[in-house]
Amino acid sequence: MKFIEKKIQNLRKKLHHWEYLYYIKNASEVSDEKYDAILAELHQLEKIYPHLITENSPTQCIGGVLQDNFKKINHKIPMLSLNSIIKSHQLLSFDRRVKIKLDDHHIIPYCCELKIDGVAVSLLYKNGKLVCAATRGDGKIGEDVTENVRTIYSVPMYLKIDVNNHDKIPYLLEIRGEIFISKLCFLQLNEITVREGNRPFSNSRNAASGSLRQLDPAITAKRPLSFYCYGVSDYFGKKELPDSHWERLQLCKNWGLPISNHISLVNGIDKVLAYYSYIERIRASLEFNIDGIVVKINSCKYQNKLGCGSKAPNWAVSYKFPAEIRSTKVDNVIFQVGRTGIITPIAYLEPIMISDVIIRKVSIHNINEVKRLGLMVGDTVRIQRSGDVIPKILEVVLSKRTDRVKAIKFPHFCPICGSLIATQYRQSILRCTAGLSCLAQRKAALEHFSSRKAMNIYGMGNRIIDQLVNKNLVSTPVDFFNLNENKLLCLEGFGAEHAKRLLWAIENSKKITLARFIYALGIRGVGETVANNLAVVYKTIENLVTADLRSLSDLKYIGPIVANNIYHFFRNPDNLKNIQDLIDPSIGIQLSVII
Ligand code: IVH
């Protein structure tokens with residue numbers, strides 16, 4: 001039983017972490033499929049062990065934590081999520097289930113829609129005027145983004161009078177829809193973002209979300225956001241709304257609200273399957289990214305009868321597309337040295353577009369994986385990528401192997417500094433033994449130090465660090481804080497404006513939590529969570545530096561290996577000097593304990 005409890009806790013922890021990344025950081029480290037699979041596993045366990053269900057389990061509440069910057073809006077009608085399916089047999093079971101629950105064994109009319117990859121919003125119109133726009137937030141409380149939404153061209157400020165049907169606009173109309181960025185605008189936005197020295201958005205959903213949640217509406221106004229309405233959540237008007245969801249959407253269209261022209265009303269689940277295949281075929285030619293279709297029971301009377309769970313309605317599902325797989329050729333395999341000296345084989349590919357991203361290289365993790373794949377340079381390989389997920393090689397297409405392929409030679413010395421390589425884990429992991437005297441490790445350590453989750457020096461990307469190290473302007477972290485305009489102007493493509501912005505970002509990074517500072521040091525095995533815990537326990541960097549092995553080993557949440565790593569990290573004179581330099585009052589770093 002203890003084992004099950006632990007397993008459930010672990011699943012919840014993972015899901016909460018991903019939700020935090022998704023809703024707060026506008027980032028994601030797993031595919032939707034992976035997220036859905038873990039959520040389904042949790043659902044399954046909670047079904048068998050219902051007494052272990054807790055109120056804050058991700059199965060009971062929709063993910064999402066709120067940022068404090070926006071005024072909060074209570075959603076009178078909760079903004080729910082959708083249950084996802086990925087296989088056609090799951091769609092058939094959905095159809096069977098609803099028929100049983102409705103006690104109607106006739107063919108069911110479904111409204112099929114695109115599942116646009118953007119941000120959900122709720123728009124409230126009173127007497128035809130847009131009075132409030134809110135994000136989903138946690139489903140019950142969202143953020144007031146009215147001013148920002150007002151800048152979106154496709155969102156009408158006033159509803160149009162519908163001459164065909166209703167002669168009057170409704171007293172109250174609340175609609176739900178998706179704010180998104182088209183594929184083309186996303187590429188253009190990222191070009192500008194990079195040109196201005198900022199980090200590009202990893203996908204169009206993050207770009208839409210980041211643009212919508214700008215504190216300054218003038219910035220949102222400059223972003224190419226679009227909107228489609230996909231449902232009516234509340235209505236009060238002279239005439240009753242039609243029972244058909246599809247007809248309701250047509251009414252919205254007549255009121256001037258944009259709806260997608262790929263919405264289709266079909267009879268029966270076979271037609272839904274046909275719609276899915278059609279959309280899958282035309283997906284690449286759509287102007288915006290979608291990750292599947294949404295299938296809704298068309299009758300609102302039936303929708304009400306089926307009702308909703310706490311997380312998702314019982315009358316709709318999202319039928320997601322599988323991860324995209326494409327073939328391409330491996331041009332070369334090089335061995336890349338990472339921050340901790342681990343040497344990873346990287347396959348350089350003939351560039352290929354998968355899920356709207358150009359893939360030029362993939363990591364092969366370790367040499368055992370190269371052996372397992374039986375990969376040779378010049379091979380054709382099948383690459384899989386879905387959504388935000390890191391692409392991977394699935395297999396070598398042996399039927400396409402020519403006699404021009406070349407064997408991959410595993411290195412015996414570090415490809416960057418020439419030091420001896422040590423092997424670990426039954427020879428599968430190669431590691432350069434030179435530590436920070438290896439240029440690759442030094443650059444990677446500096447990248448880690450300045451990265452978003454660490455010191456968060458905004459705009460300090462790997463290309464800049466590369467140049468700073470090559471030009472001997474930076475070799476240890478403290479050197480970042482001794483940069484000045486003159487030094488930065490030596491860098492390629494740097495003007496005064498860019499230099500000023502970067503110096504400002506460096507200055508800004510000095511007010512930092514102790515947890516982030518500890519994480520930034522790059523101690524092996526000390527990720528964000530362990531760094532947070534260390535900050536809570538030791539409270540000052542001095543206490544942590546002087547902690548003895550016994551005290552570190554006694555900590556509940558770290559194992560003996562990490563405890564040992566931490567202890568020895570602070571016994572290394574180079575590391576101690578780095579820390580001393582960084583916390584010297586002349587630098588001005590202020591560490592706070594709050595995490
Ligand atoms: S209906 C109660 N329809 O998907 C029904 N959602 O996983 C709730 N989405 O946050 C949603 N396209 O933002 C619906 N045609 C569509 C959609 C759609 C995209 C998003 C929506 C929601 C998420 C649910």
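Numbers given to residues run from 1 along each chain, matching the order in which its sequence is written. Given that the model is predicted, a residue must reach a pLDDT of at least 70 before its local features are reported, and side-chain atom pairs must reach 80 or more before they are shown or counted; all residues, however, enter totals for whole chains, interfaces and linings. Each side-chain value is derived from all of the structure's non-hydrogen atoms; neither hydrogens nor water enter the calculation.

Side note on the overall build of the protein
- Only DSSP runs of H or I with at least four residues qualify as helices, and only runs of E with at least two residues qualify as strands; both kinds are numbered from the N terminus onward. Of regular secondary structure, the protein possesses 21 helices and 20 strands.
- Here the radius of gyration uses the C-alpha set of atoms, whereas the globule reference equals 2.2 Å times the residue count to the power 0.38. Taking 25 Å as the expected radius of gyration for a compact globule of 595 residues, we find that the protein reaches 27 Å, a close match to that expectation.
- Summarising its shape, the C-alpha atoms of the protein cover approximately 80 × 60 × 55 Å along the three principal directions.
- Residue exposure (1.4 Å probe, protein chains only): buried if accessible area is under 20% of the type maximum, exposed if over 50%, otherwise partly exposed. The buried share of the protein, reckoned over its 595 residues, is 49%.
- Look at the contacts in the protein between residues 6 or more apart in sequence, and 66% of them connect residues 24 or more apart.
- Using a 1.4 Å probe, accessible areas were evaluated by the Shrake-Rupley method; residue-level cover was limited to the displayed protein chains. Within the structure as shown, the protein displays about 30500 Å² of accessible surface, and the carbon and sulfur contribution to it stands at 53%.
- In summary, the charge assignment counts Lys and Arg as positive and Asp and Glu as negative, without counting His or the chain termini. Charge placement uses NZ in Lys and CZ in Arg. For Asp and Glu, CG and CD serve respectively. Averaging the locations of the 80 positively and 57 negatively charged side chains of the protein gives two centres separated by 2 Å. Contact between two residues is taken to exist if any of their heavy atoms lie within 4.5 Å; hydrogens are not considered.

Some details on the confidence of the model for the protein
- Confidence per residue, as judged by the predictor, is encoded in pLDDT with a range of 0 to 100. Counting all residues, the mean pLDDT for the protein is 90, and 93% of those residues have values of 70 or more.
- Ranking the helices and strands of the protein by mean pLDDT puts strand β9 (residues 264-267) first, with 98, and helix α2 (residues 32-48) last, with 77.
- Scored below 50 in pLDDT, residues 61-67 makes 32 contacts in the model with residues more than four places away or belonging to other chains.

A look at the environment of Phe569
- As for its placement among the helices and strands, Phe569 is situated in helix α20 (residues 560-569).
- The exposure class of Phe569 is buried, given its relative accessible area of 14%.
- When the C-alpha positions of Phe569 and Gly307 are compared, they lie 57 Å apart, and in sequence the two are 262 residues distant.
- Not counting residues up to four positions away in its chain, the partners in contact with Phe569 are Leu521, Ile523, Asn575 and Ile579.

A closer look at the UniProt feature "binding site: NAD(+)" (unreviewed entry) in the protein
- UniProt positions are given in the numbering used here, feature names are shortened, and annotations may be inferred rather than shown by experiment. On the UniProt side, "binding site: NAD(+)" (unreviewed entry) is annotated at positions that read Asp32, Glu33, Lys34, Tyr35, Asp36, Ser81, Leu82, Glu113, Arg136, Glu178, Lys296 and Lys320 here.
- With respect to the helices, strands and loops of the structure, Lys34 is situated in helix α2.
- Looking at Lys34, the relative accessible area reads 41%, which means it is partly exposed.
- Position of Lys320 among the secondary structure elements: in strand β11 (residues 316-320).

What about a nonpolar patch on the surface?
- Exposure above 30% relative accessible area and the lack of any salt bridge qualify a residue for a patch; like charges then connect within 9 Å, and the nonpolar side chains Val, Leu, Ile, Met, Phe, Trp and Tyr within 5 Å. Here, a salt bridge means any Lys or Arg side-chain nitrogen found within 4 Å of an Asp or Glu carboxyl oxygen. On the surface, Val536, Val537 and Tyr557 cluster together into a nonpolar patch covering about 220 Å² of accessible area.
- Relative to the assigned elements, Tyr557 resides in the loop between α19 (549-553) and α20.

Looking at the pairing of strand β12 (residues 324-337)
- Two strands pair when backbone bridges link them, and β12 and strand β15 (residues 380-385) are joined in this way by six bridges, in the antiparallel orientation. Bridging from a neighbouring strand, Ser327 pairs with Arg382 of β15.
- In this sheet, strand β13 (residues 342-354) lies alongside β12 in antiparallel orientation, the contact comprising seven bridges. In the sheet register, Val337 faces β13, and the bridge partner there is Ile343. Strand pairing is defined by DSSP finding a minimum of two bridges between the two strands.

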